[in-house]
Amino acid sequence: MTQLPARTDKKLGLVIDLDTCVGCHACVISCKGWNTENYGAPLSDQDPYGANPSGTFLNRVHSYEVQPNQGEAQLIHFPKSCLHCEDAPCVTVCPTGASYKRTEDGIVLVNESDCIGCGLCAWACPYGAREMDVAEGVMKKCTLCVDRIYNENLPEIDRQPACVRTCPAGARHFGDLGDPDSAVSKLVADRGGVDLMPEQGTKPVNQYLPPRPKDRLAAASAEDIDILAPFLEPVAQEATGFLGWLDRTLEKL
Amino acid sequence: MHPALSVIFFSTFSGLGFGLLVFLGLGYPGVTGWSAFAFFAIAYILAVGGLISSTFHLGHPERALKAFTQWQTSWLSREAWCAVIALLLMATYGAGLVFLETRWTILGIVGALFSLATVFTTSMIYAQMKTVPRWHSPLTPAYFLSLCIAGGALLAGQVTWAVILLLVAGVIQIFTWGIGDKAFAQSGTDIASATRLGNIGKVRAFEPPHTGTNYLKREFVYVIARKHAQKLRIIAGLLMVVLPLLLLLLPFNHYFALLAVVSHVAGVFTSRWLFFAEAEHVVGLYYGARTQAG
Amino acid sequence: MTQQPVIDLSPKVSDEIRKTTCYMCACRCGINVHMKDGKVAYIEGNRDHPVNQGVLCAKGSAGIMQHNAPARLRAPLKRVGPRGSGEFEEITWDEALQIATDWLEPIRAKNPEKLAFFTGRDQSQSFTSLWAQSFGTPNYAAHGGFCSVNMAAAGIYTMGGAFWEFGQPDWDHTKLFMLFGVAEDHDSNPIKMGIGKIKARGARIIGVNPIRTGYNAVADDWVGITPGTDGLFILAMIHCLMKAGKIDLHYLAQYTDAPVLLNGDENSSDYGLYLRDEDGKQQVIDRKTGKLAPFDQPGVRPDLSATYTAEGITHRPVFHQMAEKYLSDEYAPEAVADRCGISARRIRTIAAELARVAFDEAFELDHAWTDFRGETHLKMTGRPVSFHAMRGISAHANGFQTCRALHTLQIILGTVEVPGGFRFKPPYPKPATAHPKPHVGVNAGAPLNGPHLGFVHGPDDLALKEDGTPARIDKAFTWENPMSAHGLMHMVISNAHAGDPYKIDTLFMYMANMSWNSSMNTRGVMEMLTDKDANGDYVIPRIIYSDSYSSEMVAYADLILPDTTYLERHDCISLLDRPICEADAAADAIRWPVVEPDRDVRGFQSALCDLGAKLGLPAFVNEDGSQKYADYADYITNHERRPGIGPLAGFRGKDGTKSGRGEVNPNQLDRYIENGGFFVEHIPAGANYYKPWNTAYQEWAVKMGLFDAPQPYLFSLYVEPMRKFQLAAEGHGDRQPPDHLRDRIKATMSPLPIWYETDQTGNAGYTITALTQRPMAMYHSWGSQNAWLRQLHGHNPLYLPTKLMQENSLKDGDWARVTSPHGEITVPVMEMAALNQNTVWTWNAIGKRKGAWALDKDAPEATRGFLLNHLIHELLPPKGDGLRWSNSDPITGQAAWFDLKVKIEKAAPPSDSKPEFDAIKSPVGQGPNKLAWKVGK
Ligand SMILES: Nc1nc2c(c(=O)[nH]1)N[C@H]1C(S)=C(S)[C@@H](COP(=O)(O)OP(=O)(O)OC[C@H]3O[C@@H](n4cnc5c(=O)[nH]c(N)nc54)[C@H](O)[C@@H]3O)O[C@H]1N2
Ligand SMILES: Nc1nc2c(c(=O)[nH]1)N[C@H]1C(S)=C(S)[C@@H](COP(=O)(O)OP(=O)(O)OC[C@H]3O[C@@H](n4cnc5c(=O)[nH]c(N)nc54)[C@H](O)[C@@H]3O)O[C@H]1N2
Ligand code: SF4
Ligand code: SF4
Ligand code: SF4
Ligand code: SF4
Ligand code: SF4
Ligand SMILES: [Mo]
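Residue positions are given per chain, counted from 1 along the sequence in the order it is written. Here chains are named by letter from A upward and ligands by number from 1 upward, in the order in which they appear as written. Given that this is a predicted model, residues contribute local features only at a pLDDT of at least 70 and side-chain atom pairs are listed and counted only at 80 or more, while totals for whole chains, interfaces and linings are drawn from all residues. To obtain the side-chain values, all non-hydrogen atoms of the structure were included, while hydrogens and water were left out.

Undergrad: Even after reading the chapter, I still don't get the overall build of chain B, so can you show me in this structure?
TA: Along chain B, the regular secondary structure elements total 11 helices and one strand. Helix and strand labels come from DSSP, where a helix needs a run of H or I of at least four residues and a strand needs a run of E of at least two; each type is numbered from the N terminus. When the elements of chain B are put in sequence order from the N terminus, they spell out α-α-α-α-α-α-α-β-α-α-α-α. Atoms counted for the radius of gyration: C-alpha only. Globule rule: 2.2 Å times residue count to the power 0.38. The globule rule puts the C-alpha radius of gyration for 294 residues at 19 Å, and the 21 Å found for chain B is close to it. Dimensions of chain B along its principal axes, counting C-alpha atoms only, are 75 × 45 × 30 Å. Burial classes follow relative accessibility: with a 1.4 Å probe on protein chains only, a residue under 20% of its type's maximum area counts as buried, one over 50% as exposed, and anything between as partly exposed. Classification of the 294 residues of chain B by burial places 56% in the buried group. Contacts spanning at least 24 positions in sequence make up 76% of the contacts within chain B whose residues lie at least 6 apart. In the structure as shown, chain B presents an accessible area of about 12500 Å², 73% of it carried by carbon and sulfur atoms. Here the positive residues are Lys and Arg and the negative ones are Asp and Glu; neither His nor the chain ends is included. Just so you know, the charge point we use is NZ for Lys, CZ for Arg, CG for Asp and CD for Glu. In chain B, 18 positive and 9 negative side-chain charges are present, and the distance between their average locations comes to 6 Å. Throughout, a residue-residue contact means that at least one pair of heavy atoms, one from each residue, lies within 4.5 Å. A 1.4 Å probe and the Shrake-Rupley method give the accessible areas. Residues count as covered only by the protein chains that appear here.

Undergrad: For this particular structure, what's the right way to read the site of ligand 2?
TA: All names here are of chain C. The local shell around ligand 2 holds 30 residues, among which D230, R391, Q773, R774 and M778 are the closest. A distance of 2.6 Å is found between an oxygen atom of ligand 2 and a backbone nitrogen or oxygen belonging to R774. Two N or O atoms count as a polar contact when they lie within 3.5 Å, although within protein this holds only if one can serve as hydrogen donor and the other as acceptor, and sequence-adjacent residues are included solely when both atoms are side-chain atoms. Here a nitrogen atom of ligand 2 sits 2.6 Å away from a polar atom, N or O, in the main chain of M778. Relative to its unbound accessible area of 920 Å², ligand 2 is 100% covered by the protein chains. When at least one non-hydrogen atom of a residue lies within 4 Å of a molecule or strand, that residue is treated as near it.

Undergrad: Help me understand the packing of helix α5 (residues 139-155) of chain B against helix α10 (residues 254-277) of chain B, please; the structure alone is not making it clear to me.
TA: Two quantities define a packed helix pair, namely the angle between the axes and the distance from one axis to the other. Residue and element names in this part refer to chain B. Here, axes are lines fitted to C-alpha atoms. For helices the fit covers the stretch in contact, and angles between N-to-C directions go from 0 to 180 degrees. Remark: α5 packs on α10, axes separated minimally by 10 Å, with the N-to-C direction vectors making an angle of 165°. Of the possible angle classes, the one that applies to α5 and α10 is roughly antiparallel. The way α5 lies across α10 gives a crossing that is left-handed. Residues T140, Y143, F144, L147, G151, L154 and L155 of α5 lie in contact with α10, whose contacting residues are A260, V261, H264, V268, S271, R272 and F275. Three categories are distinguished: nonpolar for Ala, Val, Leu, Ile, Met, Phe, Trp, Tyr, Cys and Pro, charged for Asp, Glu, Lys and Arg, and polar for the others, with Gly belonging to the last. When grouped by side-chain class, the residues that make up the contact of α5 with α10 number nine nonpolar, four polar and one charged. Oblique is the label for any angle not covered by the other classes, which are roughly parallel (under 35 degrees), roughly antiparallel (over 145) and roughly perpendicular (65 to 115). Left-handed is the label given to a crossing in which the near helix is rotated counterclockwise from the far helix by less than a right angle, and right-handed is the label when the rotation is clockwise.

Undergrad: When you look at the interface of chain C and chain A in this model, what are you seeing that I'm missing?
TA: For an interface, size is often stated in terms of accessible area lost upon the parts coming together. Taken together, the 103 residues of chain C in the interface contact 96 residues of chain A. Summed over both partners, the accessible area lost on bringing two parts together, with a 1.4 Å probe, is the buried area. Overall, the association of chain C and chain A removes approximately 8200 Å² of surface from exposure, summing both partners, and the carbon and sulfur fraction of that is 59%. Each reported salt bridge corresponds to a side-chain nitrogen of Lys or Arg within 4 Å of a carboxyl oxygen of Asp or Glu. The interface formed by chain C and chain A includes five salt bridges. Across the pair E37(A) and K36(C) runs a salt bridge whose closest N-O atoms are separated by 3.1 Å. The tally of links between chain C and chain A comes to 44 residue pairs in polar contact (both at pLDDT 80 or more). When residues of the side of chain C that touches chain A are assigned to their parent elements, the largest contribution, 11 residues, is made by helix α13 (residues 344-360) of chain C. Its residues assigned to classes, the side of chain C that touches chain A comprises 53 nonpolar, 23 polar and 27 charged. The pairing of strand β2 (residues 45-46) of chain A with strand β35 (residues 930-931) of chain C spans two bridges and is antiparallel. Across the sheet, residue D45(A) finds its bridge partner in β35(C), namely L931(C). Here, any two strands with at least 2 DSSP bridges between them count as paired.

Undergrad: Hey, could you run me through empty space enclosed by the protein in this one?
TA: Rolled over the atoms, a probe as big as a water molecule pinpoints where empty space is left. Grid points spaced at 1 Å and placed over the protein atoms alone form the basis of the search, with a cavity being a set where a 1.4 Å probe fits but cannot get out and a pocket an open set showing protein on both sides within 12 Å along at least five of seven lines. Lining residues have an atom within 4 Å of a point. Grid points are joined across faces, edges and corners, and a volume is the space filled by probe spheres set on the points. In this model, the second largest cavity occupies a volume close to 270 Å³. G23(A), H25(A), H77(A), E207(B) and W843(C) are the residues nearest the centre of the second largest cavity, which is lined by 25 residues in total. Where the lining of the second largest cavity is concerned, the elements lending two or more residues are β4 (60-67) and β5 (74-80) of chain A. With three residues, β4(A) is the single largest residue contributor to the lining of the second largest cavity. Of the residues assigned to the lining of the second largest cavity, the class counts are 12 nonpolar, 11 polar and two charged.

Undergrad: Sorry, what's going on with the domain arrangement of chain B here?
TA: Residues and elements named next belong to chain B. Segmenting chain B into domains produces domain 1 (1-128) and domain 2 (157-294). For the domains described, the bounds stem from an automatic or database domain assignment. With centres defined by C-alpha atoms, the gap from domain 1 to domain 2 works out at 24 Å. The contact between domain 1 and domain 2 buries some 1600 Å² in all, and 76% of this surface belongs to carbon and sulfur atoms. It is M1, H2 and I8 that lose the most area in domain 1 upon contact with domain 2, and together they represent 40% of the buried surface on that side. At the boundary of domain 1 and domain 2, one finds zero salt bridges. Summed over the shared surface of domain 1 and domain 2, the result is four residue pairs in polar contact (both at pLDDT 80 or more).

Undergrad: What is the right way to read the nonpolar core from this model?
TA: Inside soluble globular proteins, nonpolar side chains tend to come together where they are buried. Within the largest apolar cluster, 455 residues are counted, with the highest numbers of intra-cluster contacts made by W131(C), F180(C), F233(C), M242(C) and F319(C). Looking at this core, the element that brings in the most residues is helix α9 (residues 230-243) of chain C, giving 10 residues. Counting contributing residues, this core receives three or more from each of domain 1 (1-128) and domain 2 (157-294) of chain B. With residues near it in sequence (within four places) discarded, F233(C) still touches M178(C), F180(C), V208(C), I225(C), C340(C), I342(C), I347(C) and I350(C). Nonpolar cores were defined as sets of buried Ala, Val, Leu, Ile, Met, Phe, Trp, Tyr and Cys residues, with membership established by side-chain atoms within 4.5 Å. Within the second largest apolar cluster, seven residues are counted, among which are I224(B), A229(B), L232(B) and A277(B).

Undergrad: Looking at this model, I keep getting lost on the interface of chain C and chain B. Mind explaining?
TA: Facing 14 residues of chain C, the contacting portion of chain B comprises eight residues. For the pair chain C and chain B, the two sides together bury roughly 830 Å², of which 46% comes from carbon and sulfur. When the buried surface of chain C facing chain B is broken down by residue, Q791(C), L792(C) and Y799(C) rank first, second and third, together holding 39% of it. At the boundary of chain C and chain B, one finds one salt bridge. The partner of D812(C) in a salt bridge is R204(B), with the nearest N and O atoms 3.6 Å apart.

Undergrad: Just checking my understanding: could you explain the site of ligand 5 for this structure?
TA: Around ligand 5, the neighbouring residues are C94(A), P95(A), T96(A), A98(A), S99(A), C115(A), I116(A), G117(A), C118(A), G119(A), C121(A) and M139(A). Broken down by class, the residue content of the shell around ligand 5 amounts to eight nonpolar, four polar and no charged.

Undergrad: Can you walk me through helix α11 (residues 318-326) of chain C in this structure?
TA: Side chains that are three or four residues apart share a direction in an α-helix, a result of its 3.6 residues per turn. Listed in full, the buried residues belonging to α11(C) are V318(C), F319(C), H320(C), M322(C), A323(C) and Y326(C). Looking at the packing, one finds that the buried side of α11(C) touches α8 (239-252) of chain A together with α9, α10 (249-255), β12 (261-262), β16 (313-317) and α15 (399-412) of chain C.

Undergrad: Can you help me understand the pattern of salt bridges in this one?
TA: Where charged atoms from two side chains of opposite charge approach closely, those side chains can pair. Scanning the entire structure with this criterion turns up 78 salt bridges over all chains. For E104(A), the salt bridge goes to R102(A), with nearest N and O atoms at 3.6 Å. Under the relative-accessibility criterion, E104(A) is labelled partly exposed at 30%. D500(C) serves as the salt-bridge partner of K475(C), at 2.9 Å between the closest nitrogen and oxygen. Separated by 25 residues along the polypeptide, K475(C) in the loop between β22 (422-424) and α16 (489-498) and D500(C) in the loop between α16 and β23 (506-510) bring together distant segments of the chain.

What follows is the structure, given as structure tokens:
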């Protein structure tokens, strides 16, 4: 199965809004919780109460500091899970066929019973989206909650990934990026969504919405003509003058 | 990349083993009977031992057979096929030599080709990794193949070939290092493209996503100090090429020959360790590797 | 090509969903607990719940790991080794309750005040305070004093409600949201949801914080202010706005005390107090008649400017004083810019932007409403600017006044309780005068004469004994901190140790890790808890403590009453307490045992029902002396505060059809469970803005039992009780402050908000401010026992701004020695550019004591993690006047965590972060070395 499908019916994926993500890690833990209890082997932890705790997670939230040429440094929280790439190198390297891309929706999955745990797919993924589970010896990755999004045992409204459902800030969106009319595609178009590492040629389905421009008030106050200045035109310099203005204004009220 | 001993072991020894098989397949040395048996035994111990050791890093070695299924896309799968075919062909060919004292020349040549192909497929597993710019280069197969046949020549006692091939391998090794050092910077992947935040300003990884460690950090975010690497390169070059060459150029002596082999193997092992240890995976960018450089 | 595998796309999710309330933090979101084979399988947010509407934070989702944590206590414990060693023996509940009874009974019979009962981040204060009141000790409070009492008290005194979780911006309409000093706050999920909502609408956020992370990282504009100077910054904006007349005059005149006249007679003992009529009503000049009138007289048009002259003395309105004060050059942006670290231009730009959005983007909602003067308004004017703030401005010694300044800013913009502005959540608005006053009337063997905590309105309400000494062990409501509405939990141990104001016998604590992250001077506290007198007895003779987990504090108690986890007990999140209301609805909730404990543990409140009965406390026994409440569930259902008003407002009345008021419903808890664990009653349309003055809201609130009669009031830009304390300091009245406090009271208790530099005596040479922030994925010390969360925050570096890194030749991963006048720590450092240039910070409460929390003694929390608390003292450095001044706000006693000043130097990496303490013995052993938690097949 490691041949990629020529095309997929849908391109299901996530749109992550870097302007809104507050870096709370809610998506990280709800993902861990759902996927420990569901699809495949539980996500294990080693030395969980010890000196060197380590465990399998399918979604992690990084943070980056960006220093613009002018103005204050900015901080951006940056969630990352599998991007369900169209040209997924992780799939083609897999010797067993355990890694595959679903033809119906483009979700990239690992069939754990076929996986020999060679790790090659993780090598091939530029994004660090795959983690080998130490207890189980198989490769783990984001399933796009394939066992939620079609799950008839869940109310329709809950048929979305655990991380999307839980995100308190609403910074994660799920949908069909192959359909230009879908809400997610429109969001990407509106906000100028981007691919990560486009030069790697993986054609990620997941898209990132860049942060909106920051510190514009600071920039405004640095400019020569302060467009906001008219809003603070003094009515009087002295307290007595102010009270005079007050009397006059109250008359009009 | 984390230099996993099992993988270094595998690629070093199976490379040598298949290298020896290449020469045996081509009829150098033209041994038969028990001395052929001895040569083949050495080659098989190296090649098969290496292959077996490669399964040590698998999470599920008992499912290893499944690795044969995806030859259409996966170099690992192709490697598995090539290795098995090469070993079977060479076993047949070797049986002829040992038991029938007969050389099936064509079979030997085909077996030699498959032995080379095995090493080539191994090298392609690395060379295909766009994610590791240092590896993602035609030099990677050249490096694997040149060492494979140089080592093969050495083991096969083909002094002249060994001298020439060691020199070639040495040159390729130097290129691999020199060009490899620039590969990451030239790959076009940096923290700006990884985060797509570069248009705002200079990007630096801030807090990691977790203070605990994980598979990715263990496997990919391995860094080796530059000074340390330089020293190891010198050691690798000396052991792998220079010392064996000197020993070969001295009047022939079995001890010297043995010493040349041991030195070469130790050198290849060091070079292979560096091959992994110096390789930087682009995922390291997300974890703050190369922040200063980029 | 092989076939794509067939996978089960519709696996069974769980056998059953049990809906209860999260308690991984105090936000109290609704959760769906998915059960498989009777075990907890997965936790997600409850979509119907008013607080979180389905979302859940990291802690909430990790609840399964907390519930199953190896650190859970298993049975009552009796100390067998020395205090602090962690050596215990497990005993039965009967034995434990008997020991507690034997200790407490004699105290109650003779000196009830010798019991100090303090509860931490408890959510059952109306219950625990009832217990303490019934016991008769005046020494009861919860954690507010070291948390954010400045925020609560400043809000309630000023406008009858606070930020904290007691109000929220109008997320649906606001266009500019300005956030001061918030990392996470109690309203964790609602703030994130709100930010998401306004971002989706393209509204903007300004974050004022020395550190640019989290909410401040997504803010459109970041103001990296110098810590402790927000008051100045805000007053400068008030200066600009007033000067430009960009203030809501109508709002100020109608709904605030700006037009209320102040006594102008300098010789009067009422000088500076409101002019009041015979009924005690504040008086204004009616613009229609030009005459004096009570503020609430129907039809009155209070005049913001007119003065009143009688007997040759001119009485001027509050607004005159404001104009005089805030228009002065002292508050001009140019005068404050350097101290705030914000340029004058930038201050003006931000003020102008506030004005632009408040006035140019004003809008109207088509809701008619009638105000308390009987005037009907056809529309509601929206001013889409909103504010929120929390401990960044309140945990400073000038925090009360800073919080007041911020409220003043919102009020002059007319953005409180209007569409687009800040909105109260029921039971707020509720003016300070509608709250109880503190009570300290002790009678041996009998209950206290009233509730412990409350709001003082002048010197007469202070909690002083006849001889003028403090009546309470924490010295709350004394001249040192007259308006300490939440008590001073952080002073209890040091006062008890010092026997000042008196000695106590038993310290009874609940849910507060006082020997570690919730104390200042951590090492000192450990010493006080273990200190012995000349006879070899502990100076604090007995300590009873209730915790669920093997925390650092457990080791310091003599008797441990082990609590359950939050999934194993009944709780009630009550309107009598800290409810979960929304601006549009009253709401309360319960917890119920979705699983039964598998250990010999008991819900603390149930244990108090048992203990109360054994002690014969009147509120806990029937007339025949038998136990009144079998357990907490019984109390929740059957207790009535006033007839028809109980802990829960929902499903009251015999048949469960009444809301707010109604008889006891024996099936009330079942009805809550059926309803998803909560109850919501929406505020009718037209009643949900202008609540303090809106007749429809007031009537609804009375119907709901939030109060017994409508109580409209004016916002207090001028806090009259503060003027009363100043008058006392000026020599008026019988109750007089000690002389050494007179000047401070005069200076700090200004009835109009001011800014003053916090006391920096003894800090010479310590120039860098050191702060902590809440990590969103960790709750204080609770999180570290959680296998999933501790992988995210297992240790904490000290973040330094680029400038300080360079000055000290530091690189990421180096170590530094950080010194304050009080102590020294040696810790790992990391660089951060988006940080105020003179501020360092770290995540709060990640550092752990070796041996606690069932962690390995080499856990990174103990070897690399650290607390800043070692550097902070509950007292300020000595000033040489022979006195030790407390490190708190002089008005409320709020612990001034963020006034910490340090210096930094590079240090050789030690083996472990310093200071190091001996490992405590774990009473629960250590957790397993592998986890692969899956309860289903
Ligand atoms: N440096 C610095 N120090 C600070 C602060 C700061 O900003 N900086 N912040 C201060 C503030 S605002 C606060 S509120 C305090 C908080 O400090 P604490 O109130 O001490 O907070 P926690 O660490 O949450 O500890 C509460 C205890 O409750 C226990 N517990 C948890 N769940 C339960 C339960 O269900 N039942 C019972 N019985 N016990 C339970 C935990 O095991 C823990 O021992 O810290 C203060 N300390
Ligand atoms: N996840 C999580 N949530 C929690 C808690 C927790 O431990 N974890 N604790 C709960 C408790 S008990 C409380 S009290 C609340 C507290 O909630 P917050 O008030 O959000 O508490 P802190 O994390 O102390 O954040 C204080 C913020 O103020 C900033 N600050 C410090 N000094 C100044 C200053 O002078 N000016 C300005 N403008 N900013 C300043 C700090 O940089 C920091 O961002 O959170 C509650 N919620
Ligand atoms: S849950 Fe949402 S806001 Fe929180 S880290 Fe994940 S994406 Fe960001
Ligand atoms: S993100 Fe990585 S794992 Fe996911 S599809 Fe792309 S390459 Fe494969
Ligand atoms: S680890 Fe498993 S999924 Fe990945 S390449 Fe190897 S066999 Fe395929
Ligand atoms: S889609 Fe599901 S599996 Fe993927 S990151 Fe989100 S929660 Fe995890
Ligand atoms: S904010 Fe998180 S931890 Fe707090 S109650 Fe809500 S879900 Fe639970
Ligand atoms: Mo707090």
